[in-house]
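Examination of the molecular architecture
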Amino acid sequence: MIEEIVKNPQRERDRVCKLINDDCLNVLKNIPDNSIDLIVTDPPYKTITGGNKNGINSIRPKGMLSGNRKLFAYQNTIQPNDWMPVIYSVLKPNTHAYIFTNALNMEIMLTESRKAGFQLHNILVWEKNNCTPSQYYMKNCEYVLLLRKGKAKWINNIGDSKTVHQFNNIIGSKLHPTEKPIDLLKFYINNSSTINDIVLDPFMGSGTTGVAALNNDRNFIGIELDKQYYDIAVKRINNEGKKNYE
Ligand SMILES: C[S@@+](CC[C@H](N)C(=O)[O-])C[C@H]1O[C@@H](n2cnc3c(N)ncnc32)[C@H](O)[C@@H]1O
């Protein structure tokens, strides 16, 4: 099926979508090299909590997490040096990859992306309408690496796209603990691909990238290891993508 998608993405001028419940490393090795037009992904990485000890003034910010709490089951089981070279291989030359990260993981993401062959176009800042309590400044933004494989490629909406962009976060009931807003992903997809392109998310979680891609008339390949989130993604993409995908 993946072979079919990458060889003929405009099949019947219909959207093509393939959702896979597996370790992305198993799946990526079967995707032909230089076949994907765009990668947009929010990979698993370590998050930091407030620790168990208090600071000098002993006042913990209200709502701050303590200890090493994981946000989801497969949070620390795969490392950037495992997946970065493989996503590089499957991307077409002269295209973009958007990788979400936080300040703690920025260094390793940049190092491993360079080792894999990527070059950095920009570090984007998603400014949120909420913030995470912290004793080292409250966090109201997330970072996204805009990487390129091969030659520099301009984004599509040059005059309208700033490095710091504001999109409302999902507050309250979420389908995934780190679910991202669809409009944010549409912004990246619109800027770095065209209609009928193939967008890949190897860590799709609840399928936000898939909904954004399909609703922007792109084809989509999504991989998720956790069956719980895979099932949520399938249901959501079928509801919001208006098709019967699996
Ligand atoms: C940060 S979350 C992505 C959430 C997503 N942005 C959303 O809006 O729902 C990363 C996801 O990667 C999944 N994951 C972890 N290791 C994986 C692997 N080896 N292969 C595929 N998925 C994996 C996790 O289960 C988790 O759902």
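Residues numbered from 1 in each chain as written. Predicted model: local features only at pLDDT ≥ 70, side-chain atom pairs only at ≥ 80, totals over all residues.

**With respect to the overall build of the protein**
Looking only at helices and strands, the protein has seven helices and eight strands in total. Taken over 246 residues, the protein has a buried fraction of 35%. A sequence separation of at least 24 residues applies to 72% of the contacts in the protein between residues at least 6 apart. (Helix = DSSP H or I, 4+ residues; strand = E, 2+ residues; numbered from the N terminus. Buried ≥ 20, exposed ≤ 12 C-beta atoms within 10 Å, placed from the backbone. Contact = placed C-beta atoms within 7 Å.)

**Details of the sheet that holds strand E1 (residues 17-20)**
In space, the eight strands of this open sheet follow the order E1-E8-E7-E2-E3-E5-E4-E6, with mixed pairing throughout. Sheet topology places E1 and strand E6 (164-166) at the edges, where each strand pairs with a single neighbour. On average, each strand axis in the sheet is inclined to that of its neighbour by 20°, with strand direction left out of account. Where strand E7 (residues 198-201) lies against strand E8 (residues 219-223), four bridges are found, and the strand directions are parallel. The partner of Asp-201 across the bridge, within E8, is Gly-222. Across the sheet, helix H5 (residues 182-192) touches strand E2 (36-41), strand E3 (91-101), strand E4 (119-132), E6 and E7, and the angle it forms with E2 is around 155°. (Pairing = 2+ DSSP bridges. Axes fitted to C-alpha atoms, helices over the stretch in contact; angles between N-to-C directions.)

**Things to note about the pairing of E3**
For E3, a buried count of eight out of 11 residues is recorded, marking the element as mostly surrounded by other parts of the structure. Where E2 meets E3, five bridges bridge the pair, whose relative direction is parallel. Paired with Ile-36 across the bridge in E3 is Leu-91. Across seven bridges, the pairing between E3 and strand E5 (residues 139-149) is antiparallel. Each residue of the ladder has a partner; that of Phe-100, found in E5, is Val-144.

**Remarks on the site of the ligand**
The local shell around the ligand holds 21 residues, among which His-176, Phe-203, Gly-205, Ser-206 and Thr-208 are the closest. Its residues assigned to classes, the shell around the ligand comprises nine nonpolar, six polar and six charged. (Near = placed C-beta within 6 Å. Nonpolar A, V, L, I, M, F, W, Y, C, P; charged D, E, K, R; others polar.)

**With respect to H5**
Inspection of H5 places Leu-184, Leu-185, Lys-186, Phe-187, Tyr-188, Ile-189 and Ser-192 among the buried residues, and these make up the whole buried set. Lining the buried residues of H5 we find E2, E3, E4, E6, E7 and helix H6 (208-215).

**Re the packing of helix H3 (residues 80-90) against helix H4 (residues 103-116)**
Orientation of H3 relative to H4, taken along the N-to-C sense of each, is 40°, at an axis distance of 9 Å. With respect to H4, the element H3 is oriented oblique. For the element pair H3 and H4, the recorded crossing hand is right-handed. Listed contacts from H4 to Pro-80, Asn-81, Met-84, Pro-85 and Tyr-88 of H3 are Ile-108, Met-109, Glu-112, Ser-113 and Ala-116. Residue composition of the contact of H3 with H4, by class: seven nonpolar, two polar and one charged. (Parallel < 35°, antiparallel > 145°, perpendicular 65-115°, else oblique. Left-handed = near helix turned anticlockwise from the far one by under 90°.)

**Points about the packing of H5 against H6**
The packing of two helices is summarised by the inter-axis angle and the distance between the axes. Following both chains from N to C, one finds H5 and H6 inclined at 55°, their axes separated by 9 Å at the closest point. Comparing the axis directions of H5 and H6 gives the class oblique. Both H5 and H6 take part in a crossing whose hand is right-handed. Between H5 and H6, the contacting residues are Ile-182, Leu-185, Lys-186 and Ile-189 on the first element and Thr-208, Thr-209, Val-211, Ala-212 and Ala-213 on the second. Considering only residue class, the contact of H5 with H6 consists of six nonpolar, two polar and one charged.

**Here's the deal with H3**
Inspection of H3 places Pro-80, Trp-83, Met-84, Ile-87 and Val-90 among the buried residues, and these make up the whole buried set. Take H3 and look down its axis: the buried residues cluster within an arc of 135°, on one side only. Tucked into the core, H3 has its buried residues touching helix H2 (24-28), E2, E3, H4 and E7. (Arc of directions from axis to C-beta.)

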